[in-house]
Amino acid sequence: EHTLQKFLDQAEELVEIEGAQEELLDALGCAESMLPDSAALLCRSAHLLYRYGMLNQKGRFFLLALGKLQAAEEKNPLFFESSSEWWHLWGNVLVQLGRLLSDLTFFEMALEKFLKSEKTSIVPSANLYWDWAEALSMMGQLSGELTDMQQAIFKFGQAKMLGERSTFFRIEFGRALVFYG
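Note that the structure is a prediction, hence the values are computed from the model and not measured.

About the criteria used
- Residues numbered from 1 in each chain as written.
- Predicted model: local features only at pLDDT ≥ 70, side-chain atom pairs only at ≥ 80, totals over all residues.
- Heavy atoms only, no water.
- Core = buried A, V, L, I, M, F, W, Y, C linked by side-chain atoms within 4.5 Å.
- Buried < 20%, exposed > 50% of the residue type's maximum accessible area, 1.4 Å probe, protein only.
- Helix = DSSP H or I, 4+ residues; strand = E, 2+ residues; numbered from the N terminus.
- Contact = heavy atoms within 4.5 Å.
- Axes fitted to C-alpha atoms, helices over the stretch in contact; angles between N-to-C directions.
- Parallel < 35°, antiparallel > 145°, perpendicular 65-115°, else oblique.
- Left-handed = near helix turned anticlockwise from the far one by under 90°.
- Nonpolar A, V, L, I, M, F, W, Y, C, P; charged D, E, K, R; others polar.
- Expected span 1.5 Å × (residues − 1).
- Polar contact = N/O pair within 3.5 Å; in protein donor to acceptor, adjacent residues only side chain to side chain.
- Disulfide = S-S within 2.5 Å.

**Q** Can you explain the nonpolar core? Please cite residues and give values.
**A** Most often, soluble globular proteins have nonpolar side chains that are buried together. L24, L69, F80 and V93 are the most contacted members of the largest nonpolar core, which has 53 residues in total. Ranked by residues supplied to this core, first place goes to helix 7 (residues 126-143) with 9 residues. Beyond its immediate stretch of four places on either side in the chain, F80 contacts C43, L69, A72, E73, W86, W87, W90 and T120. By size, the runner-up hydrophobic cluster in this structure holds 5 residues, among which are L4, F7, L8 and A31.

And the structure:
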């Protein structure tokens, strides 16, 4: 248990360091070798890989995160039903892959994961609706479908109703309105 936590703490620190990708992968590999059947550990690894990919603009890490989430679901399908955060993360990983590859299929899969997150959440977060709205907005820009933009604006509105007020949120919401308008 102590050694496992040590590897996870090390991985957490490495996420913040640009160029530490191999060390991060090694630390996660060591942790996962200690509990190879743990869906929770695989999801935590996926979250760290996603964060590294976002901070360092490394698309490969989104693919690695996707693989961890898929493996976690294979090992314990019910694990995802206990927490909406992992469906939400899975949706975010798919959005980043869709954005990088300009592939609508990833966006469509992300929407399914966001819906599952909403359904398993006691109270869906503003952040879920914001991420969902961004996915629909990017999808609409890629597909040219106005219905995607309408749905994006609706999801932005849900996030706003739940209290989202950040500057970045308002910019993204505004972009969707301009694109739709």
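**Q** An account of the packing of helix 5 (residues 84-101) against helix 7 is requested, with residue identities and associated values reported.
**A** Orientation of helix 5 relative to helix 7, taken along the N-to-C sense of each, is 25°, at an axis distance of 10 Å. With respect to helix 7, the element helix 5 is oriented roughly parallel. The handedness of the crossing between helix 5 and helix 7 comes out as left-handed. Packed against helix 5, whose contacting residues are H88, N92, V95 and R99, the element helix 7 presents N127, L128, D131, A135 and M138 at the interface. For the contact of helix 5 with helix 7, the per-class residue count stands at 4 nonpolar, 3 polar and 2 charged.

**Q** Let's hear about the side chain of S117: which residues, and what values?
**A** Residue position: S117 is located in helix 6 (residues 104-120). On the basis of relative accessibility, which here comes to 2%, the residue S117 falls in the buried class. Those residues in contact with S117 that sit more than four places away from it in its chain are S84, W87, H88 and L128.

**Q** Outline helix 6, supporting the account with residue identities and numerical values.
**A** Given 3.6 residues to a turn, an α-helix orients residues that are three or four positions apart in the same direction. Compared with an ideal rise of 1.5 Å per residue, which puts 17 residues at 24 Å, helix 6 spans 25 Å between its outermost C-alpha atoms and is within 8% of the ideal. Residues of helix 6 that are buried include every one of F106, F107, A110, L111, K113, F114 and S117, and no others. Two or three places before T105, at the opening of helix 6, D103 has a side-chain oxygen 2.8 Å from that residue's backbone nitrogen.

**Q** For the state of the cysteines, give the residues involved together with the corresponding values.
**A** Tallying each qualifying case throughout the model produces 0 disulfides. As a non-bridged cysteine, C30 has C43 as the owner of its nearest cysteine sulfur, 20 Å distant.

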